Amino acid sequence: MEKDIDSSLTKIRGTKKLLSVSTASEHDFNRIMEIYRYAQDYMIRSGNPSQWGHAYPEAEMIKADIRTNRCKVIHDNKGIHGVFALFDGEDPTYNYIENGEWLNDDPYITIHRIAGDGQVHGLLSCAVSYCRSICSNIRIDTHEDNKIMQRQIEKNGFRKCGTIYLENGAPRLAYHLVIK
């Protein structure tokens with residue numbers, strides 16, 4: 001990787017607000033879970049009831065992400081508005097891709113479980129900008145019913161590469177961004 005994935009703070013210009021990305025702490029846990037609950041409800045209301053429902057992500061998963069410094073928060077001077085998990089290295093569910101191929105086989109980072117509180121726009125752009133500062137290969141996936149996320153992913157320069165399957169066998173649309 002070009003930079004340490006655990007760098008603590010990156011400032012990104014979002015929509016009319018200066019947003020920052022930092023590594024989450026245990027102190028942030030309750031706010032993170034509030035954001036995930038908001039995102040679950042939003043996905044259900046917007047025609048994507050089966051991607052997360054009200055059961056995913058589980059609290060223990062988020063606690064593990066925090067302990068391992070994978071959990072990142074997106075915030076401004078008023079507080080935390082977004083969250084995502086950032087994985088460095090090979091994702092086993094990305095080893096097999098159907099109906100396409102990855103843009104390359106170089107080392108990559110993966111954005112997972114991105115969610116926002118509905119108060120600030122540009123959270124995915126902020127996360128992608130942060131990721132671009134540490135790696136030239138970024139991957140992400142989403143549910144076929146998550147049309148809003150698909151548009152945002154493509155708007156941020158990702159190219160759809162095919163379909164991957166989660167550990168439970170559920171299909172996800174797979175995207176890849178290569179920074180030249």
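The shown structure was predicted, so the numbers you read here are calculated from the model rather than taken from an experiment. Starting from 1, residues in each chain are numbered consecutively following that chain's sequence as written. Local features in this predicted model are restricted to residues of pLDDT 70 or higher, and side-chain atom pairs are both shown and tallied only at a pLDDT of 80 or more, whereas totals for entire chains, interfaces and linings draw on every residue. To obtain the side-chain values, all non-hydrogen atoms of the structure were included, while hydrogens and water were left out.

Participant: Go over the nonpolar core, please, and point to the residues and values.
Facilitator: Counting 26 residues, the largest nonpolar core has I74, F84, L86, I111, C131 and F158 as the members making the most contacts within it. Of the residues forming this core, the biggest block, seven residues, is contributed by helix α3 (residues 123-132). Contacts are assigned to residue pairs with any non-hydrogen atoms lying within 4.5 Å of each other. In this structure F158 touches V128, I138, R139, I140, I153, Y175, H176 and L177, once residues within four positions along its chain are discounted. Judged by nonpolar contacts, the second largest core, of 16 residues, contains I32, Y36, W52 and I62. What is meant by a nonpolar core is a set of buried Ala, Val, Leu, Ile, Met, Phe, Trp, Tyr and Cys residues, joined one to another through side-chain atoms within 4.5 Å. Three exposure classes are used, based on accessible area relative to the maximum for each residue type with a 1.4 Å probe and protein chains only: buried under 20%, partly exposed in between, and exposed over 50%. A run of H or I in DSSP becomes a helix once it reaches four residues, and a run of E becomes a strand once it reaches two; helices and strands are each numbered from the N terminus.

Participant: Any details on helix α4 (residues 147-155)? Residues and values, ideally.
Facilitator: A turn of α-helix holds 3.6 residues, and therefore any two residues three or four places apart point the same way. What α4 keeps buried is the set M149, Q150 and I153. Mapping the buried residues of α4 onto a view down its axis gives an arc of 105 degrees, with all of them on the same face. Exposed and oriented more than 90 degrees from the buried face of α4 are R151 and K155. Elements that come into contact with the buried residues of α4 comprise β5 (109-116), α3, β6 (137-142) and β8 (171-178). For this quantity, the arc is that covered by the directions from the helix axis to the C-beta atoms.

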